[in-house]
Amino acid sequence: MTLDELRKIADTERQAQQKFPHHVCVCIAAGCLSSGADLVRDALQKEVAETGMSHEVLVKGVGCMGLCSAGPLVAVETATFANVTPEQAPDIVRGLDTGSDTAGDGLQHCAADMPFFQRQKKIVLENSGKIDPERIEDYIAHDGYRALVAAIAEMSPQEIVATMVQSGLRGRGGAGYPTGLKWSTVAKTGEQEKYVICNADEGDPGAFMDRAVLESDPHRVLEGMAIAAYAVGAQRGFIYVRAEYPLAVKHLKTAIKQAERLGLLGNNICNSRFSFHIDIRLGAGAFVCGEETALIASVEGKRGTPRPRPPYPAQEGLWGCPTLINNVETFANVAPILRNGAAWFAAIGTEKSKGTKVFALAGRVTNTGLIEVPMGMTLREIIQDIGGGVPDGKRLKAVQTGGPSGGCIAEEKLDSPVDYESLKNVGSMMGSGGMIVMDETSCMVDVAKYFTEFCMSESCGKCVPCRAGTQQMLHLLEKIAGGQSTPADLVVLEELCDLVRNTSLCGLGQTAPNGILSTLKYFRHEYQQHIAGGPCPTCRPTEVAP
Amino acid sequence: MLVLFTMQSDPAQPPLPSDDKRWKIVEATARRHGREPNALIETLHTVQECFGYLDETALRFVASTLRAPLSRVYGVATFYHYFSLKPQGKHTCVVCTGTACYIKGAPALLAAVEKTHGIRPGETTTDGELSLLTARCLGSCGLAPAAVVDGVVLGKVSAAGLLARVEKGIHP
């Protein structure tokens with residue numbers, strides 16, 4: 001495969017698509033699929049066939065369009081429709097014919113100028129909702145694999161690593177380690193067996209960014225991995241993906257086969273000496289496997305327990321070989337950076353956090369779904385403008401970021417910008433990108449209990465502080481929530497949090513107290529109310545978890 | 001001594017536990033990964049896909065075909081939540097207890113199914129009709145609260161809606 005051949009495929013595909021005057025895109029990512037998007041697509045295809053418009057209208061299943069709460073979503077040239085039912089298919093098709101998008105009665109419009117769409121900046125999700133994730137040609141027609149082919153033909157591995165360093169990209173899995181630095185560490189280990197692993201074990205409850213990327217644009221991740229492998233000198237790659245994401249797995253498998261067929265993966269890629277094979281490994285529902293050393297153990301077919309670092313996987317990883325592990329979203333950023341240059345990427349975002357971040361916006365907010373914003377946007381802008389604020393006239397109370405490892409940020413701190421440092425300063429963390437909005441009906445002691453229960457049951461049991469500490473923390477929280485505690489319990493709880501945070505082996509234990517500490521920081525009075533035995537104004541005992 | 005000698009030098013694979021065709025699919029997964037112990041999780045996934053759960057026969061077979069100690073196979077099978085050592089009911093109801101669903105009322109959904117069918121999460125009704133399960137996160141947070149009944153995802157579901165859907169599954 002050369003750049004010319006790639007361009008030919010892209011041109012052929014574009015011409016084939018342009019033959020159709022009308023394009024109808026139906027979101028068939030998991031969110032809309034649960035709302036019946038496949039039925040909508042079938043109805044549209046049937047309608048097009050029956051009205052004899054097969055040569056004019058292209059009905060295409062595409063990836064996530066973002067506004068999951070309004071699904072199924074259907075986009076035509078001039079408009080996007082929300083909450084579409086199969087019965088509305090004739091209205092939509094008729095609307096195309098007459099050239100007016102208001103033809104059908106009862107069709108709900110998503111205004112193109114609504115802040116939900118306007119305030120976002122899409123890099124990772126640029127193809128999401130536009131291309132058919134099961135066709136490599138569609139990806140190539142959208143500049144896909146150009147970065148990989150150009151990199152192999154024109155750049156040395158050192159130049160690629162240098163570009164990544166200059167771009168300022170940081171790991172999107174949560175901790176924010178500089179990606180370029182990680183790549184150069186693996187590259188410097190010399191010529192030997194090396195691996196590239198894509199961490200797609202998105203275990204955080206309330207997060208579905210990686211799933212959306214894998215379902216909507218799987219080739220982008222493969223391209224990023226292949227570029228990484230070329231840059232660090234790896235021959236084999238693994239994608240460790242949750243078994244709970246069957247659609248993502250299916251699209252990945254298809255994508256790998258297609259890329260191999262075109263010689264973009266496999267032996268002697270682009271007729272060079274570079275060979276790279278990617279295999280899929282299914283996770284099996286262990287949150288701790290998001291930790292890199294636990295993930296490696298799981299790929300090796302073992303129990304997913306972490307081990308002390310150093311040595312870091314970059315030096316000693318899978319089967320003892322240097323291993324580059326990056327998150328899905330990190331790999332998804334690679335191709336655009338190489339295509340547009342490091343300076344372009346570094347111009348987006350804040351001084352220390354470059355580029356954009358994808359968030360899964362959920363909870364008590366009007367527009368729930370998948371969003372991508374430039375780093376540095378404030379939490380308030382995200383929730384009020386993009387999210388459309390809290391529904392039902394309720395008051396915004398807090399926002400939770402970073403999953404069980406992160407924390408709750410109180411309403412008064414919402415003007416802090418979204419970047420790695422700022423979120424840490426307000427007691428939470430970037431995490432992988434779950435963002436859950438809570439209103440006045442959420443009791444913060446209950447929320448802390450929820451996350452502590454999660455960490456306790458997900459603790460792998462290898463180190464004592466995490467195994468026993470999380471259990472004791474939960475026990476104390478249950479006492480407090482049940483109104484059977486004394487002020488002394490709160491002192492013990494805080495001491496315990498400090499101990500678990502500082503002595504646990506891996507990130508799971510080290511961050512497990514964050515849920516408690518952040519709620520204590522901003523909502524201590526709610527704990528005290530519970531301890532004093534008074535009725536907590538927000539507690540809804542009927543809805544407390546079993 | 002002769003017996004021991006032949007056992008060590010004979011690379012022949014252990015016989016399939018029965019002539020059930022599904023064992024051949026399990027065999028194929030092990031073979032595709034070169035019968036290396038690192039294929040353990042992949043092979044267990046295949047067993048669960050074929051049989052719905054992992055019983056002792058399956059664990060013993062996987063151990064011998066991958067030449068891994070039974071203790072390690074059992075350790076892995078019990079470590080990961082996705083693997084089930086008990087058969088599921090004819091119908092399954094999975095309630096998502098991810099953060100977004102929790103905030104939006106997943107506990108009420110769980111309580112409704114528990115009360116109506118008299119089972120707790122992880123249990124199956126005595127007639128084997130229904131299993132109640134929880135999921136850490138279905139990734140359908142945009143549609144919270146969400147549940148899955150017999151493989152169909154229900155978004156923005158109410159307790160009454162969920163119970164009705166479960167009932168429809170059992171008595172169509």
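Residues numbered from 1 in each chain as written. Chains lettered and ligands numbered in written order. Predicted model: local features only at pLDDT ≥ 70, side-chain atom pairs only at ≥ 80, totals over all residues.

1. Some details on the sheet that holds strand S13 (residues 407–410) of chain A
Residue and element names in this part refer to chain A. Counted only if it meets this: For two strands to pair, DSSP has to find at least two bridges joining them. Numbered from the N terminus, helices here are DSSP runs of H or I no shorter than four residues, and strands are runs of E no shorter than two. Between N-to-C directions, angles span 0 to 180 degrees; the directions come from axes that are lines fitted to C-alpha atoms, helices contributing only their stretch in contact.
Across the sheet, five strands lie side by side as S11-S10-S14-S12-S13; this open sheet has mixed pairing. Each edge of the open sheet carries a strand with a single partner, namely strand S11 (369–374) and S13. Along the sheet, successive strands turn relative to each other by an average axial angle of 30 degrees, direction set aside. Sheet topology places strand S12 (residues 396–401) next to S13; four bridges connect them, and they run antiparallel. Its bridge partner lying in S13, Thr401 is registered against Gly407.

2. Some remarks on the environment of B:Thr125
Residues and elements named next belong to chain B. Our working rule: Burial in this document is a count-based property: other C-beta atoms within 10 Å of a residue's C-beta are tallied, and the residue is buried at 20 or more, exposed at 12 or fewer, or partly exposed in between, with C-beta positions derived from the backbone. Contact between residues is assigned whenever the C-beta positions, reconstructed from backbone atoms, fall within 7 Å.
Tracing the sequence through the fold places Thr125 in the loop between helix H7 (106–117) and strand S2 (130–135). Residue classification places Thr125 among the partly exposed residues on the basis of 16 C-beta atoms within 10 Å. If we ignore the near neighbours within four places in the chain, the residues touching Thr125 are Gly89, His117, Ile119 and Leu130.

3. Considerations on the confidence of the model for chain A
Residue and element names in this part refer to chain A. Stated precisely, the cut-off is as follows: Confidence scores labelled pLDDT are given residue by residue by the predictor and lie between 0 and 100.
With 97% of its residues at a pLDDT of 70 or more, chain A shows a mean pLDDT of 92. Summarising per-element confidence for chain A, the mean pLDDT is lowest in helix H4 (residues 89–98) (83) and highest in helix H11 (residues 218–232) (98). Across residues 541–546 the pLDDT falls below 50, and counting only partners more than four positions away or on other chains, this stretch makes nine contacts in the model.

4. Some thoughts on the interface of chain A and chain B
Stated precisely, the cut-off is as follows: Following the grouping adopted for this structure description, the nonpolar residues are Ala, Val, Leu, Ile, Met, Phe, Trp, Tyr, Cys and Pro, the charged ones are Asp, Glu, Lys and Arg, and the polar ones are all others, Gly among them.
Each partner contributes to the interface: chain A provides 41 residues, whereas chain B provides 33 residues. Contributions of two or more residues to the side of chain A that touches chain B are made by helix H2 (30–34), strand S10 (356–363) and strand S14 (434–439) of chain A. Among the residues making up the side of chain A that touches chain B, the classes are represented as 18 nonpolar, 17 polar and six charged.

5. A closer look at the pairing of S12(A)
All names here are of chain A. For S12, the tally of buried residues reaches six of six residues, placing the bulk of the element in the interior. Taken together, the five bridges between S12 and S14 define a ladder with antiparallel strand orientation. Note on S14: the bridge partner recorded for Ala398 is Met438. Connecting S12 to the next strand, S13, in antiparallel fashion are five residues, including Gly402 with a positive phi near 85 degrees.

6. Remarks on the nonpolar core
Threshold: By our criterion, buried Ala, Val, Leu, Ile, Met, Phe, Trp, Tyr and Cys residues that link up through C-beta atoms within 7 Å make up a nonpolar core.
Ranked by size, the top nonpolar core spans 230 residues in total, and within it A:Val26, A:Ile227, A:Ala228 and B:Ala147 carry the most contacts. Ignoring sequence-local partners within four residues, the contact set of A:Ile227 consists of A:Ala147, A:Leu148, A:Ala151, A:Ile160, A:Val334, A:Ala335 and A:Leu338.

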